[in-house]
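# Chains, contacts and geometry: an overview
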Amino acid sequence: MNSAVYWGQLMHNRIRPRKHRFSYRVASWLIDLDELSSLDKHLKLFSVDRFNLLSFYQKDFGDGSGRDLKVQTEELLAAHDVPAPSQTLMFCYPRVLGYAFNPLTVYYCFSSDQKLLSLIYEVTNTFGERHSYVIPAEKAEEGQMLFHQAVEKKLHVSPFFKTDCQYGFRVQLPGKTMKLAINLNDADGKLFAAVFKGDRQVLSDFNILRQLLVLPLQAIKVILAIHWEALRLFLKGVKVVRHVPKDRFFSWSRGWAGHPDSHEEKAGTNANSARKVLSR
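Below or above, wherever it landed, is the structure these notes cover. Keep in mind the model is a prediction, meaning the values are calculated, not measured. (Residues numbered from 1 in each chain as written. Predicted model: local features only at pLDDT ≥ 70, side-chain atom pairs only at ≥ 80, totals over all residues. Heavy atoms only, no water.)

### Here's the deal with unusual backbone geometry
Cut-off, in case you're wondering: Secondary structure elements are defined from DSSP: runs of H or I of at least 4 residues count as helices, runs of E of at least 2 residues count as strands, and each element is numbered from the N terminus.
Residues other than glycine seldom take positive phi values, yet D49 does so here, at roughly 60 degrees. Note on placement: D49 falls in the loop between β3 (46–48) and β4 (54–56). Phi angles above zero are rare outside glycine, and D81 is one such case at about 60 degrees. Locating D81 in the fold gives a position in the loop between α2 (69–78) and β5 (87–92).

### What about the packing of aromatic side chains?
Basically, it comes down to this: A pair of aromatic rings is counted whenever rings of Phe, Tyr or Trp (Trp by its six-membered ring) have centres within 6.5 Å, and the orientation is called stacked for planes under 30 degrees apart, edge-to-face for over 60 and tilted otherwise. Burial here depends on accessible area, computed with a 1.4 Å probe over protein chains only, as a share of the maximum for the residue type. Under 20% is buried, over 50% is exposed, and the range in between is partly exposed. Here, a charge over a ring means that NZ of Lys or CZ of Arg falls within 6 Å of the ring centre while also lying within 35 degrees of the ring normal.
Tallied over the entire structure, the rule returns six aromatic pairs. With 3.7 Å between their ring centres and 10 degrees between their planes, Y121 and F169 make a pair best called stacked. Placement of Y121 in strand β8 (residues 116–124) and of F169 in strand β11 (residues 166–172) is noted, with a sequence separation of 48 residues between them. Since its relative accessible area comes to 2%, F169 is described here as buried. Here the aromatic residues Y121, Y133, Y167 and F169 are joined through ring pairs into a cluster of three or more. A cation over an aromatic ring shows up here: R95 above the ring of Y57, its NZ or CZ 3.9 Å from the ring centre. Taking the ring centre of W7 as reference, the NZ or CZ of R210 above it sits at 4.1 Å.

### Quick notes on the sheet that holds β3
Our working rule: Should DSSP find at least two bridges between two strands, the strands are regarded as paired. Only heavy atoms matter for contacts: two residues are in contact if any of them lie within 4.5 Å across the pair. The axes used here are C-alpha line fits, helices contributing only the stretch in contact, and every angle between their N-to-C directions lies in the interval 0 to 180 degrees.
If you trace the three strands from one edge of the open sheet to the other, you get β3-β4-β6, paired in mixed fashion. A strand with exactly one partner marks an edge of an open sheet, and here the two such strands are β3 and β6 (95–96). Pairing of β4 with β6, which is carried by two bridges, proceeds in the antiparallel orientation. Of the residues in β6, the one forming a bridge with S55 is R95. Against the sheet, helix α3 (residues 205–214) contacts β3, β4 and β6, and its axis sits at roughly 110 degrees relative to β4.

### Considerations on the sheet that holds strand β10 (residues 146–152)
Reading across the sheet, the twelve strands line up as β14-β9-β8-β7-β5-β2-β1-β13-β12-β11-β10-β15 and stay open at both edges, with mixed pairing between neighbours. Of all the strands in the sheet, the pair left with one neighbour each is β14 (250–254) and β15 (256–257). Inspection of the sheet shows β11 paired to strand β12 (residues 177–186) by seven bridges, in the antiparallel sense. Each residue of the ladder has a partner; that of Q172, found in β12, is K179. With respect to the sheet, α3 is in contact with β1 (4–14), β2 (20–32) and β13 (189–202), its orientation differing from that of β2 by roughly 160 degrees.

### Some words on the side chain of S28
Here S28 shows up in strand β2. S28 has contacts with A4, V5, Y6, F91, C92, Y93 and F196, leaving out every residue within four places of it along the chain.

### Details of α2
Our working definition: Each C-beta atom gives one direction from the helix axis, and the arc is the one those directions make. N or O atoms within 3.5 Å of each other form a polar contact, as long as, within protein, one can give a hydrogen and the other can take it, and as long as residues adjacent in sequence are counted only when both atoms are side-chain atoms.
Here α2 has its buried residues at L69, K70, Q72, T73, L76 and L77. Down the axis of α2, the smallest arc covering the buried residues is 160 degrees, so these residues share one side. Buried-residue contacts for α2 involve β4, β5, β7 (104–110), β8, β9 (130–136) and β14. Of the residues that open α2, the one with a side-chain oxygen 2.9 Å from the backbone nitrogen of K70 is D68.

### Here we look at the pattern of salt bridges
Spelled out, the test is: Any carboxyl oxygen of Asp or Glu that lies within 4 Å of a side-chain nitrogen of Lys or Arg is treated as forming a salt bridge with it.
By the definition in use, this model includes eight salt bridges. One salt bridge connects K70 with D34, and the closest N-O pair in it is separated by 2.8 Å. With K70 in helix α2 and D34 in the loop between β2 and α1 (36–42), the pair connects residues that are 36 residues apart, well separated along the chain. Using a relative accessible area of 13% as the deciding quantity, one classes K70 as buried.

### A word on the pairing of β2
Of all 13 residues in β2, ten are buried, a share of seventy percent or more. Note that β1 and β2 share eleven bridges and pair antiparallel. When the bridges of β2 are listed, W7 appears paired with A27. Where β1 folds back onto β2 in an antiparallel hairpin, the turn is made up of five residues. Examined bridge by bridge, β2 and β5 share four bridges and lie antiparallel to one another. Residue pairing for β5: I31 is matched across the bridge by M90.

Printed below as a string of structure tokens:
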């Protein structure tokens with residue numbers, strides 16, 4: 001089975017305009033979209049598109065329609081001239097007792113020979129808006145495990161950061177361990193960093209029960225942590241950036257290979273190109 005659960009720590013480090021750092025324990029799932037029906041059949045404590053102690057609803061992701069997520073992924077990649085993947089792994093939080101909030105969902109799209117074709121970073125904000133950043137894995141080599149990518153920020157997420165910024169992603173492909181790092185940068189440098197590091201565990205009813213016992217309120221904790229840390233920043237005097245509602249619930253844009261911290265010249269060139277890419 002390719003699907004698994006990763007137990008680890010999620011760290012947030014806000015660097016400017018006020019230093020603010022925190023971390024907490026999470027259990028994040030890696031789901032092979034081709035295994036959804038098998039997981040639904042063989043796990044008693046987990047269900048797909050119906051209530052259970054832990055559950056996965058396709059309408060919680062993508063365009064929110066509830067359509068098959070692999071089909072949606074293929075359509076999104078085709079719009080960016082990326083071939084249809086043979087395998088798509090999805091890194092996310094399932095619903096716990098009927099509730100989940102996924103600030104970031106990552107789709108790992110592989111070819112039939114297990115080379116990475118593209119990564120999709122699906123960001124959802126607390127205003128109910130969603131934006132997917134599609135970044136092809138240019139010239140991925142056999143056995144390559146680490147990827148650096150970047151994209152212009154399009155969606156208002158934190159009330160304390162403007163959208164005139166860039167994301168830099170550093171991604172280690174899933175294995176016995178998983179690492180995912182995100183930097184937010186503006187013209188003056190790094191503003192924010194988030195890092196997840198976790199260890200792989202088998203997806204089983206035992207580990208689902210363990211998650212419920214150790215992290216019973218994880219889904220609620222995610223959204224509460226967002227608002228609690230926002231309150232602390234507000235009390236520190238950090239200026240709030242006004243949110244302008246989007247005219248569409250779901251949108252997308254394209255990024256490029258290369259981290260803005262280490263590939264500034266290329267990032268600048270591609271940033272100009274990215275501005276011309278249609279964002280639906």
